[in-house]
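Tertiary structure, described
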Amino acid sequence: MARNRGRTTAVYLALAGLLVLLLLLNICIGSVSVPLGDVLHILFGGSASEQSRDIVLQLRLPRALSALVLGGALALSGYLLQTYFHNPIAGPFILGISSGAKLLVAAAMILGLQAGWHPGTFTMVLAAFLGAMLSMSFVLGVSRKVDRMSVLIICGVLIGYICSAATDFMVTFADDSNIVNLHNWSKGSFSGIGWNGTAILTVIILLTTAAVFAMVKPISAYQMGESYARSVGVNVRLFRSALVVLSSLLAATVTAFAGPVSFVGVAVPHLMKSSLGTARPQTLVPASFLGGGAFCLFCDLLARTLFAPTELSISTVTAVFGAPVVLWILIQRKGGRE
């Protein structure tokens with residue numbers, strides 16, 4: 001017990017240190033480098049040049065904080081889906097949930113702009129949530145017909161392709177120049193999120209995360225099987241509905257602000273479980289959130305700087321690091337046969 005507690009403490013300390021380091025690197029490094037000393041002065045209210053202050057406070061800090069919070073939301077969404085389906089391959093991107101959210105957000109943007117009305121943040125999140133729920137409903141319908149997770153994943157991939165094709169079609173044939181610029185968003189990016197957006201997404205995600213924390217005991221019971229969960233007083237039907245709504249809301253919020261981001265929801269919970277050596281939700285829920293934040297900060301740093309001034313889409317980078325983890329999981333599960 002003491003050994004496990006020491007391992008957990010070490011992992012959490014490493015995650016905290018990694019988050020601080022990556023946050024500072026994301027603020028310091030870019031097309032215009034800002035020295036660490038200037039960054040610290042600015043963050044703690046000291047003096048610095050006006051250019052440095054604008055770069056740090058108006059561009060890089062809100063983007064870095066958004067990447068942290070949205071990355072945590074994606075990882076937590078993946079953890080909830082893996083709990084629901086009892087399978088480590090389940091995730092919002094692989095099951096097509098993010099693609100469904102992307103489709104309705106793009107439709108809301110295009111229809112709104114063509115009508116001379118710019119959709120607000122609430123409209124974007126609502127559209128993303130409805131799209132995520134529609135995709136999730138289809139996946140759940142298929143899951144009732146088939147027992148093999150591999151078939152469910154194939155259905156999720158097909159949903160993703162269909163929704164992405166429909167989104168690309170709408171963006172390609174849009175007339176307004178502002179709508180054409182949605183192409184970058186449709187590929188996934190943390191750029192362009194200001195303080196207002198950062199505040200809104202943080203409130204939504206933290207409230208949702210608090211709801212997930214309130215469910216750690218039912219999650220622990222559910223991991224032991226539905227029969228055991230019922231025996232200890234868990235309303236399984238209501239609990240499963242809550243998992244669907246919370247995971248969809250987390251994935252939808254990410255998509256509404258940053259577009260679809262791939263593989264984070266699958267890779268990070270598995271890495272955290274392997275690092276901590278436990279499946280206890282009391283430990284994995286916060287670890288998944290912190291790990292997702294660190295993962296997206298790292299990937300966003302590479303996306304901005306690797307081929308500067310050209311910026312890669314965030315999904316391109318997350319796929320490079322996340323896809324091998326998925327392959328590793330499949331190999332561990334004997335080639336994916338269940």
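For the structure given in this document, a descriptive report is provided here. (Residues numbered from 1 in each chain as written. Predicted model: local features only at pLDDT ≥ 70, side-chain atom pairs only at ≥ 80, totals over all residues. Heavy atoms only, no water.)

So, about the pattern of salt bridges. Enumeration according to the criterion identifies 4 salt bridges in this entry. Arg-240 is paired through a salt bridge with Glu-226; the nearest N and O atoms lie 3.1 Å apart. In this pair, Arg-240 is assigned in helix H12 (residues 236-258) and Glu-226 in helix H11 (residues 226-231), connecting sequence segments 14 residues apart. Within the structure, one salt-bridge network assembled from shared partners comprises Arg-63, Asp-300 and Glu-311. (Salt bridge = Lys/Arg side-chain N within 4 Å of Asp/Glu carboxyl O. Helix = DSSP H or I, 4+ residues; strand = E, 2+ residues; numbered from the N terminus.)

This next bit is on the packing of aromatic side chains. By convention here, two paired aromatic rings are described through the distance between centres and the angle between planes. Taken as a whole and judged by the stated rule, the model has 4 aromatic pairs. Ring centres of Tyr-222 and Phe-239 lie 5.0 Å apart, and the angle between their planes is 50 degrees; this geometry places the pair in the tilted category. One end of the pair, Tyr-222, is in helix H10 (residues 216-223); the other, Phe-239, is in helix H12, and 17 residues separate them in sequence. Here Tyr-222 falls in the buried class, since its relative accessible area comes to 0%. For Phe-239, a relative accessible area of 6% gives the class buried. Ring plane angle 70 degrees and centroid distance 5.2 Å describe the contact between Phe-298 and Phe-321, whose orientation is recorded as edge-to-face. Linking Phe-298 in helix H14 (residues 281-305) with Phe-321 in helix H15 (residues 314-332), this pair joins segments that are 23 residues apart in sequence. Overall, the relative accessible area of 34% leaves Phe-321 in the partly exposed class. Directly above the aromatic system of Tyr-84 lies the positively charged group of Arg-240, at a separation of 4.2 Å from the ring centroid. (Phe/Tyr/Trp six-rings, centres within 6.5 Å; stacked < 30°, edge-to-face > 60°. Buried < 20%, exposed > 50% of the residue type's maximum accessible area, 1.4 Å probe, protein only. Lys NZ or Arg CZ within 6 Å of the ring centre and 35° of its normal.)

The next point concerns the nonpolar core. Judged by nonpolar contacts, the single largest core of 86 residues is most densely connected at Leu-70, Leu-80, Phe-85 and Ile-205. Here this core gets 14 residues from one element, more than from any other, and that element is helix H3 (residues 50-85). Ile-205 has contacts with Val-69, Leu-70, Ala-73, Leu-250, Thr-253 and Phe-289, leaving out every residue within four places of it along the chain. (Core = buried A, V, L, I, M, F, W, Y, C linked by side-chain atoms within 4.5 Å. Contact = heavy atoms within 4.5 Å.)

Of note, the amide linkage connecting Ala-308 to Pro-309 takes the cis form, showing an omega dihedral of 10 degrees. Position of Pro-309 relative to the elements: it lies in the loop between H14 and H15. Positioned with a positive phi, His-86 is a non-glycine residue whose angle comes to about 55 degrees. Of note, His-86 is situated in the loop between H3 and helix H4 (97-114). A relative accessible area of 44% places His-86 in the partly exposed class. Unusually for a residue other than glycine, Phe-263 sits at a positive phi of about 70 degrees. For Phe-263, the position within the fold is in the loop between H12 and helix H13 (264-276). A residue is classified by how much of its surface remains accessible, and Phe-263, at 18% relative accessible area, is buried.

A few words now on helix H5 (residues 121-145). Spanning 25 residues, H5 covers 37 Å between terminal C-alpha atoms, matching the ideal 36 Å at 1.5 Å per step. Along H5, the positions that sit buried rather than exposed are Met-124, Val-125, Ala-127, Ala-128, Gly-131, Ala-132, Ser-135, Met-136, Val-139, Leu-140 and Val-142. (Expected span 1.5 Å × (residues − 1).)

Mapping Val-254 onto the fold places it in helix H12. By relative accessible area, which is 1% here, Val-254 ends up buried. Spatially, the C-alpha atom of Val-254 lies 23 Å from that of Leu-21, the residues being 233 residues apart in sequence.

With that settled, consider the side chain of Thr-8. Inspection of the secondary structure assignment puts Thr-8 in helix H1 (residues 2-28). By relative accessible area, Thr-8 is classed as buried at 19%.

Remember that the coordinates give geometry; whether it matters functionally is a separate question.
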